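Observations on the three-dimensional arrangement
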There are 2 protein chains.
Amino acid sequence: MTSEETLEQFNLRKTKIRIAVLDSLSQSAVAQSYSTMQNALHEFDRTTLYRTLLTLTEYGLIHKAYEENGESFYARCFGCTEQVHNHEHLHLKCSSCGGVECIEISDQLKSSLAQLPFQEINISAKGDCSACVSA
Amino acid sequence: MTSEETLEQFNLRKTKIRIAVLDSLSQSAVAQSYSTMQNALHEFDRTTLYRTLLTLTEYGLIHKAYEENGESFYARCFGCTEQVHNHEHLHLKCSSCGGVECIEISDQLKSSLAQLPFQEINISAKGDCSACVSA
DNA sequence: ACTCTAAATGCAACATTGTTGCAAAACAAA
DNA sequence: TTTGTTTTGCAACAATGTTGCATTTAGAGT
Ligand SMILES: [Mn+2]
Ligand SMILES: [Mn+2]
Ligand SMILES: [Zn+2]
Ligand SMILES: [Zn+2]
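Residues numbered from 1 in each chain as written. Chains lettered and ligands numbered in written order. Predicted model: local features only at pLDDT ≥ 70, side-chain atom pairs only at ≥ 80, totals over all residues. Heavy atoms only, no water.

**Considerations on the coordination of the manganese ion (ligand 2)**
Residues and elements named next belong to chain B. Here is the rule we go by: Distances define the donors: N, O and S atoms within 2.8 Å of the metal qualify, as do those within 3.2 Å of Na, K or Ca. Water is excluded, so some sites may look unfinished. Secondary structure elements follow DSSP: runs of H or I of four or more residues count as helices, runs of E of two or more count as strands, with numbering from the N terminus. Note on exposure labels: buried denotes an accessible area under 20% of the residue type's maximum, exposed denotes more than 50%, and partly exposed covers the range between, all computed with a 1.4 Å probe on protein chains only.
Only His 63 (NE2), His 89 (NE2), His 91 (NE2) and Cys 102 (SG) from the protein reach the manganese ion (ligand 2) as donors, at distances of 2.1 to 2.5 Å. Each donor residue of the manganese ion (ligand 2) lies on one chain, and together they are spaced H-x25-H-x1-H-x10-C. Highlighted residues: His 63 in strand β2 (residues 62–68) and His 89 in strand β4 (residues 89–94), separated in sequence by 26 residues. A single burial state applies to His 63 and to His 89, both of which are buried.

The structure is reproduced here in structure tokens:
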């Protein structure tokens with residue numbers, strides 16, 4: 001599904017920056033930092049990017065995958081809705097390229113986590129992302 | 001062991017702010033945010049607090065337990081050294097009081113995590129901290 | 001207790017990010 | 001194309017991160 005179709009489905013206006021952000025995150029294997037997007041989308045005001053990320057997050061189209069030292073990384077959500085979010089995976093901060101990758105976790109780990117009496121459980125780690133490992 | 005003794009043990013100069021930060025974090029059941037410490041230690045310059053947190057982190061006396069929306073929470077380390085860090089626990093952001101608590105995790109969860117080929121694995125979650133639950 | 005030197009502090013300065021208000025521009029429906 | 005609503009761009013301000021440098025302090029030696 002194209003970014004335009006996705007926006008339409010969510011009753012969101014199809015503006016340039018929303019399409020650009022969705023396109024970029026959909027095509028990227030790794031989560032992208034705010035500053036990276038800022039640079040890539042320099043034709044837009046940073047406030048607009050800020051509000052675009054807020055809106056897309058609110059509607060469950062993207063999520064903040066990682067945050068460290070004031071730098072936030074965003075990734076495309078798959079199968080998330082405004083109500084139900086499925087982020088049962090690990091966010092790997094690559095020690096080589098600095099990118100952030102969403103990684104599936106084992107069923108054993110999932111069931112361990114399911115026993116915790118908490119919400120919004122998030123696992124992060126550091127290591128080499130799949131792109132850097134195979135390179 | 002007092003904060004002074006701890007600093008001595010690590011060959012760190014016993015300055016007022018280091019003692020104050022260590023005392024505060026040692027006595028606190030929850031991790032404290034930078035802004036909280038900033039307010040509590042307003043007699044010191046914020047740059048000094050910044051560098052104090054860097055130094056104490058570097059020596060393994062404290063660790064950044066949680067970071068969200070640009071707000072960082074620090075907690076006292078127990079059993080960490082400059083080389084070996086033992087942070088195999090969960091950082092719980094309290095939905096009620098906003099505090100951050102370090103929570104021990106089950107052996108099952110530990111062993112699941114041990115199988116991951118990554119370093120610096122960190123789990124965070126949201127829910128009610130023990131103080132708010134018992135209140 | 002005094003002196004000296006290395007380390008730590010306070011302060012200025014600048015960068016990045018977060019956040020809001022408001023007028024102008026863009027979008028979607030009619 | 002007209003119109004009402006939403007989104008954008010810009011100004012403005014706050015919070016935090018970060019560095020350089022002069023001054024002060026801590027700890028060691030005398
Ligand atoms: Mn993810
Ligand atoms: Mn901890
Ligand atoms: Zn990588
Ligand atoms: Zn609480």
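Text resumes after the structure shown.
**Side note on the relation of the copies chain A and chain B**
Formally: We superpose the copies by least squares over the C-alpha atoms of residues that have a pLDDT of at least 70 in both of them.
Least-squares fitting of chain A to chain B yields an RMSD of 0.1 Å, with the transformation described by 0.0 Å of translation along the axis and a rotation of 180°. Taken together, the rotation angle and the small translation identify this as a two-fold axis. Taking C-alpha positions as the reference, the residue of chain A nearest the rotation axis is Ile123(A), at 2.2 Å.

**Re the protein's contact with DNA strand C**
Our working definition: By convention in these notes, a residue is near a molecule or strand provided one of its non-hydrogen atoms lies within 4 Å of it. Here a polar contact is recorded for every N or O atom pair within 3.5 Å, except that within protein the pair must consist of a potential hydrogen donor and a potential acceptor, and residues adjacent in sequence are included only if both atoms are side-chain atoms. Each residue gets one of three labels, nonpolar for Ala, Val, Leu, Ile, Met, Phe, Trp, Tyr, Cys and Pro, charged for Asp, Glu, Lys and Arg, and polar for the others, Gly among them.
For DNA strand C, the set of nearby residues contains 20 residues, the closest of which are Lys14(A), Arg46(A), Tyr50(A), Thr48(B) and Arg51(B). The sugar and phosphate moieties of DNA strand C supply 54% of its atoms located within 4 Å of the protein. In this structure, a phosphate oxygen belonging to DNA strand C sits 2.8 Å away from a main-chain N or O atom of Lys14(A). With respect to DNA strand C, the side chain of Thr48(B) contributes an N or O atom lying 2.7 Å from a phosphate oxygen. Those elements that place two or more of their residues in the surface near DNA strand C are α3 (34–40) and α4 (46–58) of chain A together with α2 (16–27) and α4 (46–58) of chain B. Its residues assigned to classes, the surface near DNA strand C shows four nonpolar, seven polar and nine charged.

**A short note on helix α5 (residues 107–114) of chain A**
Selection rule: What the arc measures is the spread of directions leading from the helix axis to the C-beta atoms. We call two residues contacting when some pair of their heavy atoms lies within 4.5 Å.
Within α5(A), the full set of buried residues consists of Leu109(A), Ser112(A) and Leu113(A). Within α5(A), the buried residues cover an arc of 95° as seen down the axis, which keeps them to one side. Across from the buried face of α5(A), at angles greater than 90 degrees, the exposed residues are Asp107(A) and Ala114(A). Looking at the buried positions of α5(A), the neighbouring elements they touch are β6 (119–127) of chain A together with α5 (107–114) of chain B.

**Brief notes about the protein's contact with DNA strand D**
The local shell around DNA strand D holds 20 residues, among which Thr48(A), Arg51(A), Lys14(B), Arg46(B) and Tyr50(B) are the closest. Of everything in DNA strand D that lies within 4 Å of the protein, sugar and phosphate atoms constitute 54%. Sorting the residues of the surface near DNA strand D by element identifies α2 (16–27) and α4 of chain A together with α3 (34–40) and α4 of chain B as the ones contributing at least two each. Its residues placed into classes, the surface near DNA strand D shows four nonpolar, seven polar and nine charged.

**Some words on the sheet that holds strand β3 (residues 71–76) of chain A**
Across a sheet, paired strands are connected by hydrogen bonds in the backbone, their directions being either parallel or antiparallel. Residue and element names in this part refer to chain A. Heads up, the condition is: Should DSSP find at least two bridges between two strands, the strands are regarded as paired. Here the axes come from fitting lines to C-alpha atoms, over the contacting stretch only for helices, and the angles between their N-to-C directions go from 0 to 180 degrees.
Here three strands make up an open sheet; going across it, the order is β1-β3-β2 and the pairing antiparallel. Lying at the two open borders of the sheet, with one neighbouring strand each, are β1 (32–33) and β2 (62–68). In terms of strand pairing, β2 meets β3 through six bridges, oriented antiparallel. By the bridge assignment, His 63 is partnered in β3 with Ala 75. Seen against the sheet, α2 touches β1, β2 and β3 and runs at an angle of roughly 80° to β3.

**Comments concerning α4(A)**
Residue and element names in this part refer to chain A. Stated formally: Multiplying 1.5 Å by the helix residue count minus one yields the expected span of that helix.
Here α4 contains 13 residues, and its C-alpha end-to-end distance of 18 Å stays within 8% of the 18 Å for a straight helix at 1.5 Å per residue. Within α4 the residues assigned to the buried category are Leu 49, Thr 52, Leu 53, Thr 55 and Leu 56. Viewed end-on, α4 has its buried residues packed into an arc of 165°, placing them on one side of the element. Tucked into the core, α4 has its buried residues touching α1 (3–9), α2, α3, β2 and β3.

**So, the coordination of the manganese ion (ligand 1)**
All names here are of chain A. Summarising the metal site, the manganese ion (ligand 1) is bound by the protein donors His 63 (NE2), His 89 (NE2), His 91 (NE2) and Cys 102 (SG), whose distances to it range over 2.1 to 2.5 Å. Each donor residue of the manganese ion (ligand 1) belongs to the same chain, and together they define the spacing H-x25-H-x1-H-x10-C. Of the two residues, His 91 is situated in strand β4 (residues 89–94) and Cys 102 in strand β5 (residues 100–104); the sequence distance between them amounts to 11 residues. Assessed through its relative accessible area of 0%, His 91 is described here as buried. Residue classification places Cys 102 among the partly exposed residues on the basis of a relative accessible area of 31%.

**Digging into the packing of α2(A) against α4(A)**
Residue and element names in this part refer to chain A. Heads up, the rule is: Each angle receives one of four descriptions, namely roughly parallel if under 35 degrees, roughly antiparallel if over 145, roughly perpendicular if within 65 to 115, and oblique otherwise. Throughout, a crossing is termed right-handed when the near helix is turned clockwise from the far one, and left-handed when it is turned anticlockwise from it by less than a right angle.
Where α2 meets α4, the axes come as close as 10 Å, and the angle between the chain directions of the two elements is 65°. Compared by their axis directions, α2 and α4 come out roughly perpendicular. For the crossing formed where α2 meets α4, the hand is right-handed. On α4, the residues touching Ile 17, Arg 18, Val 21 and Leu 22 of α2 are Thr 48, Leu 49, Thr 52, Leu 53, Thr 55 and Leu 56.

Note that all results are geometric; they support no functional claim without further evidence.
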